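Spelled out from the first residue to the last, the chains are:
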Amino acid sequence: MSKFWSSMAKRTEPYIPGEQVSRQDSIKLNTNENPYPPSPAVITAISKEMERGLQLYPSPTANELCQKIGQVYGLAPEEVFVGNGSDEVLAFSFMAFFEPGKKIRFPSVTYSFYPVYAKLFDIPFEEIPLHEDFSVPIKRFYQSEGGVILPNPNAPTSLYKELDQIEAIIQNNPDQVVIIDEAYIDFASGSAIELVAKYDNLLVIQTTSKSRSLAGLRVGFALGNKTLIDALVRIKDSFNSYTLDRLALVGAKAALEDQVYFKKTTEMIIKTRQKTSDMLTTLGFNILPSQANFLFVTHATVPAEMIYGQLKEAGIIVRHFNKPPIDNYLRITIGTDEQMGKLVEKLKEII
């Protein structure tokens, strides 16, 4: 550390993203990207936008995109906020709704950006231990002093909580904001968006990176009561008025318009998820019941670290979290049927 660093720089512990690989023949199953390209409509929209107006600033309000998101999810544009990936939306949310000195709660095994943001913004936090089966103990999130952030489905465990349990958390934190992070919700049973109109303390955050194949465009969004969205806008406009570029704005809008393509590719991933789960089970893996676009697995006899290393040598990259209680688990992104077939064939050699 340098003597020139601020206290914020000193206390933060940066997030470590999934490994990026340079081998062209690698099968990349470690960062939960969509194996399918975005809708052709996205490419058309971006190509047209490149021919006009890149010398001009994008819309600071992203009105057209907010209107489209609202239309898709049955909300008013004023109930929609967009940002540069859901990570930025999460960061703005920590600043807008959580206070230094008031302890927030999130699961002990969850998205590792939460403690990073909490430390960065000097917000105390309590990590709620999961049950032995990695399920979330809902009642432990009641009556939080500073608020709650909870992913559903949770990552990296892939487990989903039904909406009645999510609603119970919201009801038992009437004076605090409850953030439900739904990065993987399109591969699951149902979204908390249907609760937005009912609760003014609920903020739902989603992304176009997973189910809509736009990880490279970086477009995330939040849905909630207008008063919550106004707070996010105040933070954004004090930080960077132009968080989304013109290509991202038109690309995300086109992706949201092509619901047929979105449903088709999402259903393909869900089918491949089940097929892969069945094959891994026959190889002796224990697999948590996933409602995400990845599987969280452990083998009965072969250590996860060994499997990870041998897969990597073969050019198949999965995610290994080298910390208890998940150090003997692997997170495997669902790829195409062909990619998952190659994964299974290699695992047969290892196991």
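For clarity, every value in this text was computed on a predicted model and none was experimentally measured.

Novice: Mind showing me how you'd approach the pairing of strand E4 (residues 125–128) here?
Specialist: Two faces, one strand: in a regular strand the side chains alternate between the faces of the sheet. Bridge count for strand E3 (residues 104–107) against E4 is four bridges, and the pairing is parallel. Pairing of Phe-106 across the sheet is with Glu-127, part of E4. Crossover connection from E3 via helix H5 (residues 113–120) to parallel E4: handedness right-handed.

Novice: Looking at this structure, how should I read unusual backbone geometry?
Specialist: Excluding glycine, a negative phi dihedral is what most residues carry, and trans is how most peptide bonds are arranged. Note the cis peptide between Asn-152 and Pro-153, where omega equals -5°. Within the secondary structure, Pro-153 sits in the loop between strand E5 (148–151) and helix H6 (163–171). With an omega of 10°, the peptide bond between Ala-155 and Pro-156 qualifies as cis. Tracing the sequence through the fold places Pro-156 in the loop between E5 and H6. Located in the positive-phi region is Ser-158, a residue other than glycine, with phi close to 80°. As for its placement among the helices and strands, Ser-158 is situated in the loop between E5 and H6.

Novice: Any chance you could explain empty space enclosed by the protein here in plain terms?
Specialist: Taking a probe equal in size to a water molecule and rolling it over the atoms shows the remaining empty space. In the structure shown here, the tally under the stated rule is one cavity of 30 Å³ or more. For the largest cavity, the calculated volume is near 50 Å³. Looking at the largest cavity, the residues that line it are Ser-39, Val-42, Ser-211, Arg-212, Ala-255, Asp-258, Tyr-261 and Phe-262. Its residues assigned to classes, the lining of the largest cavity shows four nonpolar, two polar and two charged.

Cut-off values and rules
- Residues numbered from 1 in each chain as written.
- Predicted model: local features only at pLDDT ≥ 70, side-chain atom pairs only at ≥ 80, totals over all residues.
- Heavy atoms only, no water.
- Pairing = 2+ DSSP bridges.
- Helix = DSSP H or I, 4+ residues; strand = E, 2+ residues; numbered from the N terminus.
- Right-handed = clockwise from strand over helix to strand, strands pointing away.
- 1 Å grid on protein atoms, 1.4 Å probe; cavity = no way out; pocket = protein on both sides within 12 Å on 5 of 7 lines; lining within 4 Å.
- Points joined across faces, edges and corners; volume = space filled by probe spheres on them.
- Nonpolar A, V, L, I, M, F, W, Y, C, P; charged D, E, K, R; others polar.

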